[in-house]
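# Topology and contacts: notes
Below are the chains, spelled out letter by letter.
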Amino acid sequence: MMRSSAMKHLRQNILFRCLLIGIACSLLLGISLWIFPYVVSLYHQIQGGQKLSQAINLEELNGMTCVHSMTLDAEQNSLLQRSNSDFEAAIRYDNHMAQAELLRGRTLCLLDKPHKAIRAFQAYINLRPKNPIGHLELGFVYERLGQKDQATFEWNAAGVSWQDFYRSGEQLVIEKKYTQAIPWFQRASWLAPEAGDPYYAAGIVYQSQDNWEQAIKSYQSALAAKTFQDISLGDIYLRLGMMYQTDSGFQDLDIALEMYHNVMLPEAKSSDQIQAEAHYKIAEIYIWRGRDVLLVIDELKEALILNPLHYWSHMRLGRALFTAYHEIDRAREEIDLAIELWPDNTSKKWPYRILGDIYKEAGMAENAIDAYQKALLFDPEDSDLKAKLVVIQNQYPH
């Protein structure tokens, strides 16, 4: 009887252990079936990421591959194709791999397949609705396709402001990457057409590239804007005036003078420095046109009241005072101020050159020679200046 009971108890233990082993095996099998797709998916995602990094330096692009249109060589194209295949495999094994969708979207942009990139970024947004990066990069894809409304919708969904894009463009200008800066100013103007700053900044870049037509169009768009952050209407009027004054293709001195006078309007809200520059430019045009020297003097004095450190105005005033009154001391006083204020660069030749001209006209040959020689110290290659010096040295040999 006791032996029968022991056997029964043993059988129950064996059955219980078998049951535990079965449960454990089932759990392990279930976990394996659940983990295996994730592990394989992660493997393909890592492989795809490595190939993507081999093909393109993502750090230089800040990860934003859809912003840039790139020419790929055969090796890069092959790596990106294989990278895309890895991301597709990762998504097949686990369709919740948000990072794989994001990286696939970036890869497809590089492969110039924007419509497929859109689907990848949309999938990422569905998986990570609170992460703005998906909306941001999707906006860049729509921009590439010329779909302005969709691009601005996505950028707004990402929570970016026009100031964000504007600052990105400004940073590129600081880095002298002018061509790359223009699209950022354009994006800023898409987000806020009423803001004048992006148009103005684009105008400056176009002007630096001697693209006068686009520069004027940008400045005119800025004038039509309703709000300004870092600039005023006066800044825009001044820039337009300078272009109409100096560009041979668009030169119109009457329009330039109109722009400079607009700088002084109350609604232009110009700073003292901007108004001073406008007065100086008006004086410059008066000199070019041979207007009464007293009008030139008035404009230069106005410039110096507004900005006493305006060294070009001090120099021009010295020249004008000598022309009007033939008084060396008054002229020399203004030009000495200009020399004192002038930064030590090539353009510092000008006050010495003007001083040399005044001395020459006054018959003070030695002083003129000394002034011309000092001017040449700042620009030894100035052929016109060297010719002036040779002429006066021949006229007044020691």
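Here, every reference points to the structure presented above.
Note that the structure is predicted; figures quoted are calculated from it, not measured.

On to the packing of helix 14 (residues 293-306) against helix 15 (residues 311-325). Packing of helix 14 against helix 15 brings their axes to within 9 Å, and their N-to-C directions diverge by 150°. In terms of their interaxial angle, helix 14 and helix 15 are classed as roughly antiparallel. Helix-helix and strand crossings are classified by hand; for helix 14 and helix 15 the assignment is left-handed. The residues of helix 15 that touch helix 14, namely those facing Val293, Leu294, Val296, Ile297, Leu300, Lys301, Ala303 and Leu304, are Ser313, His314, Arg316, Leu317, Ala320, Leu321, Thr323, Ala324 and Tyr325. Across the contact of helix 14 with helix 15, the residue classes break down as twelve nonpolar, three polar and two charged.

Attention now moves to the nonpolar core. Within the largest apolar cluster, 75 residues are counted, with the highest numbers of intra-cluster contacts made by Phe121, Leu136, Phe140, Trp155, Phe165 and Ile236. Ranked by size, the runner-up nonpolar core spans 22 residues in total, among them Leu355, Ala375, Leu389 and Ile392.

Between helix 4 (residues 114-127) and helix 5 (residues 132-144), the least distance of the axes is 9 Å, while the angle of their chain directions is 165°. In terms of orientation, helix 4 and helix 5 fall into the roughly antiparallel class. Along this stretch, helix 4 crosses helix 5, giving a crossing that reads as left-handed. Where helix 4 abuts helix 5, its residues Pro114, Ala117, Ile118, Phe121, Gln122, Tyr124 and Ile125 lie against Ile133, Gly134, His135, Glu137, Leu138, Val141 and Tyr142. Along the lines of polarity and charge, the residues of the contact of helix 4 with helix 5 split into ten nonpolar, three polar and one charged.

A few words now on the state of the cysteines. Tallying each qualifying case throughout the model produces one disulfide. Here Cys66 connects covalently by a disulfide to Cys109, the sulfurs 2.0 Å from one another. When the S-S torsion is 90°, as for the bridge of Cys66 with Cys109, the disulfide is right-handed. Here the residue Cys66 occupies a position in the loop between helix 1 (2-55) and helix 2 (74-93), and Cys109 occupies one in helix 3 (residues 98-110), the gap between them amounting to 43 residues. On the basis of relative accessibility, which here comes to 3%, the residue Cys66 falls in the buried class. Given a relative accessible area of 2%, Cys109 falls into the buried group.

Each aromatic ring pair is characterised by the separation of its centres together with the angle its planes make. Throughout the structure, instances matching the rule amount to twelve aromatic pairs. Among the aromatic residues, those joined into a ring-pair cluster are Phe140, Trp155, Phe165, Trp184 and Trp190. The positively charged end of Arg187 is found above the aromatic ring belonging to Trp184, 4.4 Å away from the centroid. A cation sits over an aromatic face here: Arg291 above Tyr286, 4.6 Å from the ring centre.

This part covers helix 2. An ideal rise of 1.5 Å per residue puts 28 Å on 20 residues; helix 2 measures up with 29 Å between its terminal C-alpha atoms. Every buried residue of helix 2 is accounted for by Gln76, Leu79, Leu80, Ser83, Asn84, Asp86, Phe87, Ala89, Ala90 and Ile91. For helix 2, the capping residue at the N-terminal end is Asp73, with a side-chain oxygen 3.2 Å from the backbone nitrogen of Glu75.

Quick look at the environment of Tyr206 now. Looking at where Tyr206 falls in the secondary structure, it is placed in helix 9 (residues 197-208). You can call Tyr206 buried: its relative accessible area is 17%. Linking Tyr206 and Tyr178, residues 28 residues apart in sequence, is a C-alpha distance of 8.5 Å. Leaving out residues up to four positions away in the same chain, Tyr206 has contacts with Ile182, Asn211, Gln214, Ala215 and Ser218.

Here we take up the side chain of Asp86. Summarising the element assignment, Asp86 is placed in helix 2. The class of Asp86 is buried, set by a relative accessible area of 11%. Separated by 2.8 Å, the side chains of Asp86 and Lys51 make a polar contact. For Asp86, the residues in contact, after removing those within four places along its chain, are His44, Gln47, Gly48 and Lys51.

Conventions we followed
Residues numbered from 1 in each chain as written. Predicted model: local features only at pLDDT ≥ 70, side-chain atom pairs only at ≥ 80, totals over all residues. Heavy atoms only, no water. Axes fitted to C-alpha atoms, helices over the stretch in contact; angles between N-to-C directions. Helix = DSSP H or I, 4+ residues; strand = E, 2+ residues; numbered from the N terminus. Parallel < 35°, antiparallel > 145°, perpendicular 65-115°, else oblique. Left-handed = near helix turned anticlockwise from the far one by under 90°. Contact = heavy atoms within 4.5 Å. Nonpolar A, V, L, I, M, F, W, Y, C, P; charged D, E, K, R; others polar. Core = buried A, V, L, I, M, F, W, Y, C linked by side-chain atoms within 4.5 Å. Buried < 20%, exposed > 50% of the residue type's maximum accessible area, 1.4 Å probe, protein only. Disulfide = S-S within 2.5 Å. Phe/Tyr/Trp six-rings, centres within 6.5 Å; stacked < 30°, edge-to-face > 60°. Lys NZ or Arg CZ within 6 Å of the ring centre and 35° of its normal. Expected span 1.5 Å × (residues − 1). Polar contact = N/O pair within 3.5 Å; in protein donor to acceptor, adjacent residues only side chain to side chain.

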